[in-house]
Amino acid sequence: MAGQYLDFEEPIIELEKKIAELKAVSKNNGVDFSGEIRRLHKKANRLRHSLLSRLTRWQRTQLARHPSRPFAFDYINMMTKDFIELHGDRHFGDCHSIIGGVARLEDWSVFIIGQQKGRDIKEKMFRNFGMPQPEGYRKALRLMKFAEKFGKPIITLIDTPGAYPGIDAEERGQAEAIARNLYEMANISVPIIVVVIGEGGSGGALAVGVGNRVLMLENSVYSVISPEGCATILWEDCKKVEEAAEALCLAADDLLKLGVIDEIIKEPLGGAHRNPEATAGILRRVLRRHLQELTLLSPDDLIQQRREKFREMGTFTER
Amino acid sequence: MAWFLRSKTPKEKLKVKKLNIPEGLWLKCDSCKEIIYKTELDKNYRVCPKCNHHHRMNASHRISLLIDNGSFVGMDSRITPQDPLRFRDTKRYKDRLRTYTKKTGISDAVICGEGMLNGHKVQICAMEFGFMGGSMGSVVGEKITRAIERAASEKTPLIVISCSGGARMQEGILSLMQMAKTSVALAQLSEAKVPYISVLADPATGGVTASFAMLGDVIIAEPNALVGFAGPRVIEQTIKQKLPDGFQRAEFLLEHGMIDMVVHRKELKNTIGKLLDLLERTKT
Ligand SMILES: [Zn+2]
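Cut-off values and rules
- Residues numbered from 1 in each chain as written.
- Chains lettered and ligands numbered in written order.
- Predicted model: local features only at pLDDT ≥ 70, side-chain atom pairs only at ≥ 80, totals over all residues.
- Heavy atoms only, no water.
- Helix = DSSP H or I, 4+ residues; strand = E, 2+ residues; numbered from the N terminus.
- Rg over C-alpha atoms; globule rule 2.2 N^0.38 Å.
- Buried < 20%, exposed > 50% of the residue type's maximum accessible area, 1.4 Å probe, protein only.
- Contact = heavy atoms within 4.5 Å.
- Areas by Shrake-Rupley, 256 points an atom, 1.4 Å probe, with all protein chains shown as cover.
- Lys, Arg positive; Asp, Glu negative; His and termini not counted.
- Charge placed at Lys NZ, Arg CZ, Asp CG, Glu CD.
- Donors = N, O, S within 2.8 Å, 3.2 Å for Na, K, Ca; no water.
- Tetrahedral: all angles 85-135°; square planar, octahedral: opposite > 155°, others 65-115°.
- Core = buried A, V, L, I, M, F, W, Y, C linked by side-chain atoms within 4.5 Å.
- Buried area = accessible area lost by both parts, 1.4 Å probe.
- Salt bridge = Lys/Arg side-chain N within 4 Å of Asp/Glu carboxyl O.
- Domains from an automatic or database assignment.
- Polar contact = N/O pair within 3.5 Å; in protein donor to acceptor, adjacent residues only side chain to side chain.
- Phe/Tyr/Trp six-rings, centres within 6.5 Å; stacked < 30°, edge-to-face > 60°.
- Lys NZ or Arg CZ within 6 Å of the ring centre and 35° of its normal.
- Pairing = 2+ DSSP bridges.

**As for the overall build of chain A**
1) Next: Secondary structure assignment for chain A yields 14 helices and 9 strands.
2) Next: Over its C-alpha trace chain A gives a radius of gyration of 21 Å, about what one expects of a compact globule, namely 20 Å for 319 residues.
3) Next: Once the C-alpha set of chain A is aligned to its principal axes, its extents read approximately 65 × 50 × 45 Å.
4) Next: When the 319 residues of chain A are sorted by exposure, 56% land in the buried category.
5) Next: Considering only residue pairs separated by 6 or more positions, chain A has 72% of its internal contacts joining residues 24 or more positions apart.
6) Next: Roughly 13600 Å² of accessible area belongs to chain A as shown, and the carbon and sulfur atoms make up 52% of that amount.
7) Next: Measuring between centres, the 46 positive side-chain charges of chain A sit 5 Å from its 45 negative side-chain charges.

This is how it looks when you write it as structure tokens:
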């Protein structure tokens, strides 16, 4: 996983290489470089801190899309036991960009719905680059109703560039499919916890995003439009992505300030891709806390709380 | 190209001179390119008398088309937009807001209120495409949500005429959240068992169709209106092929089972009126 990295990660990668080399030299030649190695480790940590604390929103977007970043299935495998994947929307097909099923997370049986990207080109194609078809939203809704029927909490993991702009997706009513989910999620009587794990791309993300809790991993983004799309439309120049990302305020701390999310989940130093296991551990503990709180609420209270939460979204002046 | 344009322009001018109509009183039909008097077009519900093309209509005109004379009462017109992201692209959002308010005379892209439709009291929202492409930000979301809530508490049917390019980028994630906010409110309206009629005018795309516009108990589109989620240009760029004729048009959606009917503007009020008669009738 450490094979791929972004431009701004380069200085850290260089240091890590040096540390590895020194370790190899001390091992092979019996020379003690432990002092030097410790010094370099410290330096690398400092560098990670300073790099990640002053990331631009565009760099944050790149981290959210990092090729080595854990995907929904990775978290499911690392956080849960006995996951059984369930397929199909019972109308037309099975979308591979939205996966779902039932699993054990600590003491709970939970339904997990995840947006899934691919790692190599073959899997990327299979997952349609994480862009769901209408069947994906409809499968998600079917599973949410299934969860509701048996009183199981629902966890959704958001990671998509957005809905798929294709002829077939339009023919099969992707607008209606997204709208239907927003509407139906207002009625679900079990806890819904939403976590943006990577890219929260517009309507495609929101379609599984109406929860009692909405959380974001530290280096995830959530936006009304991609920086690329925004740059093309407003700047009429697809290269103005940095300006667009800056203007859109799509980082986790922006969304917390705007009252759209409830909590930012800290990632290990360097980002989730540097230590997927640790990230999954952190996420599991955060989910446990929210599950403990939400499972105390009655079905009516859960619906009420979720409705009130989204009723408050937005800002305006009234004279 | 230059020579071609040059030879064309004078001819067109000549044609206009021959007609001898002062400028400002006529326009060219967007579809058949015939020249129509503006007054004639307005009298004909802004539908081209020659080819039946439905031209865009502003929000207040739409309300007057559906609501019985003199019965409309505007609501929530004091709600005005903020600039939560201090958004700036090639222009500042604040400046854009000022320009569009001046241009349209309204504070954001929707007019809401209540009135009578063939004797039925209704809540009505009409989106204004002339205000930043009818885009939905916090104000549009809030006003539509309030109209939904009024419809639910007063048990008056709701009519929303969507005419919008989607969510407003300049309010970022807050615009996206308006989709959830309005849809969640509609779930409550449904519990109150109040009819919601969604009218789709050209264009209805993006965040508006992926929320309240596609959630009507009855969905009516105007002839040839563009209705979809992704815009045709984005789709063309993604799949790298030309889109079939009529793709994402009202008739295409009807064919694919996404809407209930395509109704000529002239028939719109009576169609809705009849629906409400039938839905509100208590005796058999
Ligand atoms: Zn015409």
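**Notes on the coordination of the zinc ion**
All names here are of chain B.
1) Next: The coordination sphere of the zinc ion contains the protein donors Cys29 (SG), Cys32 (SG), Cys48 (SG) and Cys51 (SG), at a distance range of 2.2 to 2.4 Å.
2) Next: Around the zinc ion sit 4 donor atoms; with metal-centred angles ranging over 106 to 111 degrees, the donor geometry is tetrahedral.
3) Next: Each donor residue of the zinc ion belongs to the same chain, and together they define the spacing C-x2-C-x15-C-x2-C.
4) Next: Its relative accessible area of 1% is what places Cys48 among the buried residues.

**Comments concerning the side chain of Ser164 of chain B**
1) Next: Mapped onto the fold, Ser164 of chain B is located in strand 7 (residues 158-164).
2) Next: Ser164 of chain B has contacts with Met127, Phe129, Gly133, Gly134, Ser135, Met136, Pro203, Ala204, Thr205 and Val208 of chain B, leaving out every residue within four places of it along the chain.

**Brief notes about the environment of Tyr164 of chain A**
1) Next: When you line up the elements, Tyr164 of chain A lands in the loop between strand 4 (154-160) and helix 7 (167-171).
2) Next: For Tyr164 of chain A, a relative accessible area of 15% gives the class buried.
3) Next: Aside from chain neighbours lying at most four places away, what touches Tyr164 of chain A is Asn128, Met131, Pro132, Gln133, Ala169 and Gln174 of chain A together with Thr238 and Ile239 of chain B.

**Observations regarding the nonpolar core**
1) Next: Counting residues in each nonpolar core, the largest one holds 137 residues, and the members touching the most others are Tyr222 of chain A together with Leu158, Ile159, Phe212 and Ile272 of chain B.
2) Next: Each residue touching Ile272 of chain B, except ones within four places of it in the same chain, is listed here: Leu66, Leu117, Ile159, Ile197, Val199 and Ile220 of chain B.
3) Next: By size, the runner-up hydrophobic cluster in this structure holds 26 residues, among which are Tyr75, Leu283, Leu291 and Leu294 of chain A.

**Let's talk about the interface of chain B and chain A**
1) Next: The interface of chain B with chain A comprises 56 residues on the first partner and 47 residues on the second.
2) Next: Interface of chain B and chain A: buried area, both sides summed, is about 4700 Å²; carbon and sulfur atoms make up 70% of it.
3) Next: Per-residue buried area on chain B facing chain A is highest for Met169, Ile173 and Phe229 of chain B; these three make up 14% of the total on that side.
4) Next: Summed over the shared surface of chain B and chain A, the result is 4 salt bridges.
5) Next: Taking the shortest distance from any N to any O, the salt bridge between Glu149 of chain B and Arg311 of chain A comes out at 2.6 Å.
6) Next: The set of elements that each furnish at least two residues to the side of chain B that touches chain A consists of strand 4 (79-81), helix 5 (138-154), helix 6 (172-191) and helix 7 (232-239) of chain B.

**Description of the domain arrangement of chain A**
Residue and element names in this part refer to chain A.
1) Next: Here chain A is described as being made up of domain 1 (9-54) and domain 2 (61-311).
2) Next: Using C-alpha coordinates to define each centre, domain 1 is positioned 36 Å away from domain 2.
3) Next: With 7 residues of domain 1 at the interface, the matching set in domain 2 holds 7 residues.
4) Next: Of the roughly 580 Å² buried between domain 1 and domain 2, counting both surfaces, carbon and sulfur atoms make up 55%.
5) Next: Of all residues in domain 1, the largest losses of buried area upon contact with domain 2 belong to Glu9, Arg48 and Leu52, amounting jointly to 69% of the total for that side.
6) Next: The shortest N-O distance in the salt bridge between Arg274 and Glu16 comes to 2.2 Å.
7) Next: Summed over the shared surface of domain 1 and domain 2, the result is 3 residue pairs in polar contact (both at pLDDT 80 or more).
8) Next: Broken down by secondary-structure element, the contributors of at least two residues to the side of domain 1 that touches domain 2 are helix 1 (10-29) and helix 2 (34-53).
9) Next: Here the side of domain 1 that touches domain 2 gets 4 residues from one element, more than from any other, and that element is helix 2.

**Observations regarding the packing of aromatic side chains**
1) Next: Taken as a whole and assessed by the stated rule, the structure comprises 5 aromatic pairs over all chains.
2) Next: Seen in terms of ring centroids, Tyr100 of chain B and Phe131 of chain B are 5.8 Å apart; in terms of plane orientation they differ by 40 degrees. Their pairing is tilted. With a gap of 31 residues between them, Tyr100 of chain B in helix 4 (residues 93-104) and Phe131 of chain B in the loop between strand 6 (120-127) and helix 5 connect regions that are remote in the sequence.
3) Next: For Phe131 of chain B, a relative accessible area of 0% puts it in the buried group.
4) Next: On the basis of an interplanar angle of 75 degrees and a centroid distance of 5.1 Å, the ring pair of Phe247 of chain B and Phe252 of chain B is categorised as edge-to-face.
5) Next: Note on Phe247 of chain B: relative accessible area 6%, which makes it buried.
6) Next: Among the residues examined, Phe252 of chain B registers a relative accessible area of 14% and is labelled buried.
7) Next: Pairwise contacts between aromatic rings join Phe111, Phe146 and Phe150 of chain A into one cluster.
8) Next: Positioned above the aromatic ring of Phe71 of chain A, the side-chain terminus of Arg119 of chain A is 4.0 Å from the ring centre.
9) Next: Seen from the ring of Phe129 of chain B, Arg56 of chain B lies directly overhead, with NZ or CZ sitting 4.0 Å from the centre.

**Let's talk about the pairing of strand 5 (residues 192-201) of chain A**
All names here are of chain A.
1) Next: The element strand 5 is extensively covered by neighbouring structure, given that 10 of its 10 residues are classed as buried.
2) Next: Here strand 4 pairs with strand 5 via 6 bridges, running parallel. Bridge assignment links Thr156 to a residue of strand 5, and that residue is Val194.
3) Next: Where strand 5 and strand 6 (residues 213-217) come together, 4 bridges link them in parallel fashion. Pairing of Val195 across the sheet is with Leu215, part of strand 6.

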